[in-house]
Amino acid sequence: ELKVEQNPLFLSMQEGKNYTIYCNYSTTSDRLYWYRQDPGKSLESLFVLLSNGAVKQEGRLMASLDTKARLSTLHITAAVHDLSATYFCALGAGAQKLVFGQGTRLTINP
Amino acid sequence: EPEVTQTPSHQVTQMGQEVILRCVPISNHLYFYWYRQILGQKVEFLVSFYNNEISEKSEIFDDQFSVERPDGSNFTLKIRSTKLEDSAMYFCASSVGQGSGNTIYFGEGSWLTVV
């Protein structure tokens with residue numbers, strides 16, 4: 001059974017600090033996604049990572065993929081309050097389906 | 001920016017009633033999906049739909065569920081006889097293509113409460 005595990009599940013941090021969310025998965029895939037979800041809202045696509053060593057950055061967020069370790073990371077640099085949200089990684093399983101991690105609820109305090 | 005739209009945003013229904021959740025995918029997209037998220041849990045795949053037929057479904061998507069694309073724009077999820085455990089946020093999603101490199105865009109969700 002394909003498993004996608006995120007850690008930590010809850011993260012409270014101060015503004016200005018750096019932190020990393022980890023996403024481990026159990027089987028190979030050709031794509032890994034990161035999504036952001038605000039409370040009661042939809043899933044906003046952040047990054048699609050396709051190959052080993054892929055790194056993508058948008059503002060204070062940077063995502064990377066290590067297919068050999070079956071690990072993706074989402075790094076937050078100098079966090080600001082409006083990055084508070086739940087972040088999901090999701091692995092492509094077959095042509096169409098995504099398998100999601102449990103989500104990491106990130107709270108950034110002033 | 002084009003978006004996936006869903007209606008209703010929230011529906012309360014009695015156990016045993018039929019529910020239809022509606023979605024308008026992004027106009028040039030060809031692949032359509034339903035996912036659900038039970039409160040506090042992970043997002044789970046239900047079904048994918050392409051070329052007017054189901055292309056993949058999960059074990060959650062049993063005979064109580066059906067999907068349809070009744071016209072050129074709408075994509076619906078029907079739950080025939082709702083159970084308490086069907087209470088969840090249901091997300092519609094769409095993509096241009098499938099597989100590697102295709103971003104899947106999600107709607108804002110329909111929150112279903114079964115009482």
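Up top is the structure.
Please read all numbers here as calculations on a predicted model, not as lab measurements.

K.L.:
Is there a simple way to think about the overall build of chain B in this case?
P.N.:
Across its full length, chain B carries zero helices and 11 strands. Reading the helices (α) and strands (β) of chain B from amino to carboxyl end gives β-β-β-β-β-β-β-β-β-β-β. Over its C-alpha trace chain B gives a radius of gyration of 13 Å, about what one expects of a compact globule, namely 13 Å for 115 residues. Taking the principal axes of its C-alpha atoms as reference, chain B extends roughly 40 × 25 × 25 Å. Each of the 115 residues in chain B was classed as buried or not, and the buried ones make up 44%. Taking the contacts inside chain B whose residues are at least 6 apart along the sequence as the reference set, 54% of them involve residues at least 24 apart. Taken as a whole, chain B presents about 5700 Å² of accessible surface, with 45% of it coming from carbon and sulfur. Taken as two groups, the 8 positive and 14 negative side-chain charges of chain B have centres that lie 4 Å from each other.

K.L.:
Which parts of the structure should I look at to understand the side chain of B:T82?
P.N.:
Residues and elements named next belong to chain B. Examined against the element boundaries, T82 turns out to sit in the loop between β8 (75-79) and β9 (88-95). Taking the relative accessible area as the measure of exposure, T82 reaches 2% and is therefore buried. Among the polar contacts listed, one links the side chain of T82 to the backbone oxygen of Q17, at a separation of 2.9 Å. With near-sequence residues (within four places) excluded, T82 lies in contact with T13, Q14, M15, G16, Q17, V19 and V114.

K.L.:
Any chance you could explain the pairing of strand β4 (residues 31-37) of chain B here in plain terms?
P.N.:
Residue and element names in this part refer to chain B. The buried fraction of β4 is high, at seven of seven residues. Neither face of β4 is open: one carries Y31, Y33, Y35 and Q37, the other F32, W34 and R36, and all of them are buried. As defined by bridge partners, β4 adjoins strand β5 (residues 43-50) across seven bridges and the pair is classed as antiparallel. In the strand pairing of β5, Q37 is matched with V43. Connecting the antiparallel pair β4 and β5 is a turn made up of five residues, with G40 showing a positive phi of about 80 degrees.

K.L.:
Help me understand the layout of surface pockets in this model?
P.N.:
In this approach a probe as big as a water molecule rolls over the atoms, and the regions it shows empty are the leftover space. Each pocket or cavity is described by its volume, and for the largest pocket that value is around 600 Å³. Along the walls of the largest pocket sit 26 residues, with A:Q37, A:T86, A:R105, B:Q37 and B:G40 positioned nearest its centre. Contributing elements (two or more residues each) for the lining of the largest pocket: β9 (85-93) and β11 (104-109) of chain A together with β9 of chain B. Of the residues forming the lining of the largest pocket, the biggest block, four residues, is contributed by β11(A). Looking at the lining of the largest pocket residue by residue, the class counts come to 11 nonpolar, 11 polar and four charged.

K.L.:
Even after reading the chapter, I still don't get the nonpolar core, so can you show me in this structure?
P.N.:
Inside soluble globular proteins, nonpolar side chains tend to come together where they are buried. Residue and element names in this part refer to chain A. Core analysis: the biggest nonpolar cluster contains 26 residues, and L32, W34, L74 and Y87 have the highest contact counts within it. If you list the elements that add at least two residues to this core, you get β2 (10-14), β3 (19-25), β4 (32-37), β5 (43-49), β7 (61-66), β8 (71-76), β9 and β11. Among the elements that line this core, the one with the most residues is β9, at five residues. In contact with Y87, other than residues within four places in its own chain, are Q6, I21, Y35, R36, L46, L61, L74, G103, T104 and L106.

K.L.:
Whenever I open this one, unusual backbone geometry confuses me. Can you help?
P.N.:
Residues and elements named next belong to chain A. Following N7, the chain continues to P8 via a peptide bond in cis, the omega torsion being 0 degrees. Along the chain, P8 turns up in the loop between β1 (4-7) and β2. With a phi close to 50 degrees, A78 is a non-glycine residue in the positive phi region. Relative to the helices and strands, A78 resides in the loop between β8 and β9. For A78, a relative accessible area of 24% puts it in the partly exposed group.

About the thresholds
- Residues numbered from 1 in each chain as written.
- Chains lettered and ligands numbered in written order.
- Predicted model: local features only at pLDDT ≥ 70, side-chain atom pairs only at ≥ 80, totals over all residues.
- Heavy atoms only, no water.
- Helix = DSSP H or I, 4+ residues; strand = E, 2+ residues; numbered from the N terminus.
- Rg over C-alpha atoms; globule rule 2.2 N^0.38 Å.
- Buried < 20%, exposed > 50% of the residue type's maximum accessible area, 1.4 Å probe, protein only.
- Contact = heavy atoms within 4.5 Å.
- Areas by Shrake-Rupley, 256 points an atom, 1.4 Å probe, with all protein chains shown as cover.
- Lys, Arg positive; Asp, Glu negative; His and termini not counted.
- Charge placed at Lys NZ, Arg CZ, Asp CG, Glu CD.
- Polar contact = N/O pair within 3.5 Å; in protein donor to acceptor, adjacent residues only side chain to side chain.
- Pairing = 2+ DSSP bridges.
- 1 Å grid on protein atoms, 1.4 Å probe; cavity = no way out; pocket = protein on both sides within 12 Å on 5 of 7 lines; lining within 4 Å.
- Points joined across faces, edges and corners; volume = space filled by probe spheres on them.
- Nonpolar A, V, L, I, M, F, W, Y, C, P; charged D, E, K, R; others polar.
- Core = buried A, V, L, I, M, F, W, Y, C linked by side-chain atoms within 4.5 Å.

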